[in-house]
Amino acid sequence: MNVPVQPAKQGARSLDPHLRRYAARTAGMTASEIRALFAVASRPEVVSLAGGMPHLAALPLDSLSAEVGDLIASDGLVALQYGSAHGVPELREQICDVMALEGINAHPDDVVVTVGSQMGLDMVTRIFCDPGDVVLAEGPSYVGALGSFAAYQAQVVHVAMDADGLVPAALEEAVQAVERAGQRVKFLYTIPNFHNPAGVTLAVRRRAEVLEICRSHGILVVEDNPYGLLGFDGVTYPALRSTDPDNVVYLGSFSKTFAAGLRVGWVLAPHAVREKLVLAAESATLCPPTLNQLIVSRYLSTHDWKGQVKTYREAYRERRDAAISALEQHMPVGSTWNKPNGGFYVWLTVPEGIDTKAMLPRAITQRVAYASGTGFYADGLGSRQLRISYCYPTPERIREGVRRLANVIKDELELHETFGPTGTSRSVSGPQTPSPDTA
């Protein structure tokens, strides 16, 4: 039964006069804790260890600017025109070459170019999830994914990780618990390589086991892999998609290996799913920006992009090392963290009694920002954890930021000893402490 919208009472005031008009699903649309940080974290006096922004200074900007100018001069009538929702054909072929580095044998027709991989994730959720459906995701998980799941009213069930990534036994247990409750799991969402935010990588020996569990229970796998080429030892892990093409939807992006601002990503899907994705893309954006796709395509065809990825790896490894050495030097006893072998992030657990979300305003006052752990859980956990992003600041700034953060934590410990807990810290084993090194 439809409930008519009642006019506001005479003289009544509302912060949002449209409140009763919104669809029910908007109740799950909340601001990301990380996005809310940007206004203060971008101030020059604040060392931001919060956002996962790539190190664009490593790009050959002079040659890129010349290429973009030549692209518009020579192909502007195409580059500035509408295009296909499927994506530029040449770029889709090049994307297949990129994925081949991870053992994926794909046809360009099954690639759908998106406005960043976030759009791909949103479309996958839209075409598979009805309200109340269950999505399995590692705990912690990517905050942007949790936002998409909430927007489509899907229920997230977290699955534990350890130093070797997603735990297969925990996955099987979670699936059986959902089935016993009479609920329906639509897909497993996983970031197998250099996880955001946990920094861990799914062990190769576990990958087949995870795929078999999902296949046996009729569960789709959504593999999100923006960091896969950024391993610090040069190792590229086999994609889940490479061994199970019929049951894995693969999300890729050029945001971490080229330029985030171009917002070019892609989805590789089984053929029937691809058709649904193209229709979803048409209704969402009509078509992804042709100019941006052609810039990426031109870059891949005229630049040593593999050499550029190597440059990125070296820059991020140097920053990782700066973060780890500073943590070892400054963090108080009772702090633990992992040492990632690729990607952008360190996952830090603080001593008992500290709530990282409650501590954040005090950290900003001390001119350091981070992402509190609660933003990476759908169930309110993670209050003793935080994510450190080492990808953007210089090594010197990273060391200074970690020093400031350690001082804030030490102050919080003093407050805790004097007045009791500073927040509503909840101690949870497993996902929050993947591969910790005790300080």
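Residues numbered from 1 in each chain as written. Predicted model: local features only at pLDDT ≥ 70, side-chain atom pairs only at ≥ 80, totals over all residues. Heavy atoms only, no water.

The protein appears in an unreviewed UniProt entry as DNA-binding transcriptional MocR family regulator from Saccharothrix tamanrassetensis. The heading Cofactor (unreviewed entry) in the UniProt record of the protein holds the text "pyridoxal 5'-phosphate". Taken verbatim from the UniProt record of the protein, the Subunit (unreviewed entry) comment is "Homodimer." (UniProt positions renumbered as here; feature names shortened; annotations may be inferred.)

Draft legend 1. Spatial organisation of the packing of aromatic side chains. Under the defined criterion, the tally for this structure stands at 12 aromatic pairs. With centroids separated by 6.1 Å and ring planes inclined at 70°, the aromatic side chains of Phe-194 and Tyr-237 adopt a geometry described as edge-to-face. Of this pair, Phe-194 sits in the loop between strand E6 (185–190) and helix H7 (204–216) while Tyr-237 sits in the loop between strand E7 (220–224) and helix H8 (240–243), placing them 43 residues apart in sequence. For Tyr-237, a relative accessible area of 15% translates into the label buried. Pairing Tyr-227 with Tyr-345 gives two aromatic rings, centres 5.9 Å apart and planes at 85°, and the pair type is edge-to-face. Of this pair, Tyr-227 sits in the loop between E7 and H8 while Tyr-345 sits in strand E11 (residues 345–349), placing them 118 residues apart in sequence. Judged on exposure class, the residue Tyr-227 and its partner Tyr-345 are both buried. (Phe/Tyr/Trp six-rings, centres within 6.5 Å; stacked < 30°, edge-to-face > 60°. Helix = DSSP H or I, 4+ residues; strand = E, 2+ residues; numbered from the N terminus. Buried < 20%, exposed > 50% of the residue type's maximum accessible area, 1.4 Å probe, protein only.)

Draft legend 2. Region of the structure containing unusual backbone geometry. For the bond running from Gly-139 to Pro-140, omega is 5°, close enough to zero to count as cis. Omega for the bond connecting Asn-196 with Pro-197 falls within 30 degrees of zero, at 15°, which places this linkage in the cis form. Note on placement: Pro-197 falls in the loop between E6 and H7. The backbone of Leu-286 sits at a positive phi, close to 70°, despite the residue not being glycine. Position of Leu-286 relative to the elements: it lies in the loop between helix H10 (271–285) and helix H11 (290–302). Despite not being glycine, Arg-367 has its phi angle at roughly 65°, a positive value. Take Arg-367: its relative accessible area is 39%, and that puts it in the partly exposed class.

Draft legend 3. Structural context of the pattern of salt bridges. For the structure shown, the criterion picks out 18 salt bridges. Ionic pairing is found between Asp-110 and Arg-274, a salt bridge with its closest N-O pair at 4.0 Å. On the criterion of sequence distance, the pair formed by Asp-110 in the loop between helix H3 (89–100) and strand E2 (111–114) and Arg-274 in helix H10 is long-range, its members being 164 residues apart. The same class applies to Asp-110 as to Arg-274, namely buried. Among the charged side chains, a salt-bridge network with shared partners connects Glu-67, Asp-70, Asp-75 and Arg-298. (Salt bridge = Lys/Arg side-chain N within 4 Å of Asp/Glu carboxyl O.)

Draft legend 4. Main features of the sheet that holds strand E5 (residues 165–166). Read across the open sheet, the 8 strands follow the order E2-E9-E8-E7-E6-E3-E4-E5; overall the sheet is mixed. On the outer flanks of this sheet lie E2 and E5, each paired with one strand and no other. Alignment of strand E3 (residues 134–139) against strand E4 (residues 155–162), held across 6 bridges, turns out to be parallel. Bridge pairing in E4 links Val-135 to Val-156. (Pairing = 2+ DSSP bridges.)

Draft legend 5. Highlighting the nonpolar core. Among the nonpolar cores identified, the biggest contains 73 residues, and Met-99, Phe-254, Phe-258, Leu-348 and Leu-405 are the most heavily contacted of them. If one sorts the elements of this core by residue count, helix H12 (residues 305–330) sits on top with 9 residues. Counting residues domain by domain, this core receives three or more from each of domain 1 (28–58 + 308–419) and domain 2 (62–302). Sequence-distant contacts of Met-99, that is, excluding residues within four places in its chain, are made with Ile-104, Ala-106, Val-111, Tyr-250, Trp-266 and Leu-268. Among the nonpolar cores identified, the runner-up in size contains 28 residues, and Phe-149, Val-222, Leu-251 and Val-273 belong to it. (Core = buried A, V, L, I, M, F, W, Y, C linked by side-chain atoms within 4.5 Å. Domains from an automatic or database assignment. Contact = heavy atoms within 4.5 Å.)

Draft legend 6. Geometry of the pairing of E7. Taking burial as the measure, the 5 residues of E7 include 5 buried ones, the bulk of the element. In the sheet, E6 pairs with E7 via 4 bridges, with the strands oriented parallel. From the neighbouring strand, Tyr-189 faces E7, where its bridge partner is Val-222. After leaving E6, the chain enters H7 and then returns to the sheet as E7, a path that is right-handed. Taken together, the 4 bridges between E7 and strand E8 (residues 248–253) define a ladder with parallel strand orientation. (Right-handed = clockwise from strand over helix to strand, strands pointing away.)

Draft legend 7. The arrangement of the confidence of the model for the protein in detail. On average, the protein scores 90 in pLDDT, and the residues at 70 or more come to 89%. Within the model, the stretch residues 424–439 combines pLDDT values under 50 with 57 contacts to residues more than four positions away or in other chains. (pLDDT = per-residue confidence, 0-100.)

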